Amino acid sequence: QVQLVESGGDLVQPGGSLRLSCVGSGRIFSIGTMGWYRQAPGKQREVVALISSGGSTNYADSVKGRFTISRDNAKEVMYLQMNSLKPEDTAVYYCNAGGSGWSVIGRFWGQGTQVTVSS
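Residues numbered from 1 in each chain as written. Predicted model: local features only at pLDDT ≥ 70, side-chain atom pairs only at ≥ 80, totals over all residues. Heavy atoms only, no water.

Participant: Would you take a moment to explain the sheet that holds strand β1 (residues 3-7) for this structure?
Facilitator: Strands belonging to one sheet form pairs held by backbone hydrogen bonds; the direction of such a pair is parallel or antiparallel. Read across the sheet, four strands follow the order β1-β3-β8-β7 without closing on themselves; strand pairing throughout is antiparallel. What marks the edges here is a single partner per strand, and that holds for β1 and β7 (67-72). Between one strand axis and the next, the sheet turns through 15° on average, direction left out of account. Where β1 and strand β3 (residues 18-25) come together, five bridges link them in antiparallel fashion. The residue of β3 that forms the bridge with L4 is G24. (Pairing = 2+ DSSP bridges. Helix = DSSP H or I, 4+ residues; strand = E, 2+ residues; numbered from the N terminus. Axes fitted to C-alpha atoms, helices over the stretch in contact; angles between N-to-C directions.)

Right under this line is the structure:
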């Protein structure tokens, strides 16, 4: 059975940093593109960053230069390093796996981890 478990969400001040982790099981890390998505209250879920099985990355314009996605297939862990956080980054962040390229979203989701950026 495939499982994804996120961790690392927290309350942080503007300008601060957090690192999110997504641990997978069920050999999910051998399957295609993985990514981080987020959903703020009252808004639709949006893509934050994607990473292919080969390590190519793609970022939403709003996080370019501030966030870094990485994955360790051997350890079955994916990370999202978030720097220079802004209040508008506040959202529940979800890990996704099983995607294809940049346009096909995977069908496997984690339960989400809350990130709150506030002074």
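Participant: Would you mind showing me how to read the state of the cysteines here?
Facilitator: Two cysteines, two sulfur atoms, one covalent bond between them: this is a disulfide. In this structure the tally under the stated criterion is one disulfide. The disulfide bridge from C22 ends at C95, spanning 1.9 Å between sulfur atoms. Between C22 and C95, the S-S torsion sits near -65°, and that sign places the bridge as left-handed. With C22 in strand β3 and C95 in strand β9 (residues 91-99), the pair connects residues that are 73 residues apart, well separated along the chain. Just as C22 is buried, C95 falls in that class too. (Disulfide = S-S within 2.5 Å. Buried < 20%, exposed > 50% of the residue type's maximum accessible area, 1.4 Å probe, protein only.)

Participant: Would you explain the packing of aromatic side chains in this entry?
Facilitator: Centre-to-centre distance and the angle between the planes together describe a pair of aromatic rings. By the definition in use, this model includes two aromatic pairs. Summarising the aromatic geometry, the rings of Y37 and W109 are spaced 5.1 Å apart at their centres and angled 65° between planes, so their arrangement reads as edge-to-face. Within this pair, whereas Y37 is found in strand β4 (residues 33-39), its partner W109 is found in strand β10 (residues 108-109), the two being separated by 72 residues in sequence. The partly exposed category is assigned to W109, whose relative accessible area is 32%. Ring centres 6.4 Å apart and planes at 85° place the aromatic pair Y94 and W109 in the edge-to-face group. In this pair, Y94 is assigned in strand β9 and W109 in strand β10, connecting sequence segments 15 residues apart. Feature note: the residues Y37, Y94 and W109 constitute an aromatic cluster, connected by ring pairs. Over the ring of W109 we find R45; its NZ or CZ atom is 4.5 Å from the centre of that ring. (Phe/Tyr/Trp six-rings, centres within 6.5 Å; stacked < 30°, edge-to-face > 60°. Lys NZ or Arg CZ within 6 Å of the ring centre and 35° of its normal.)

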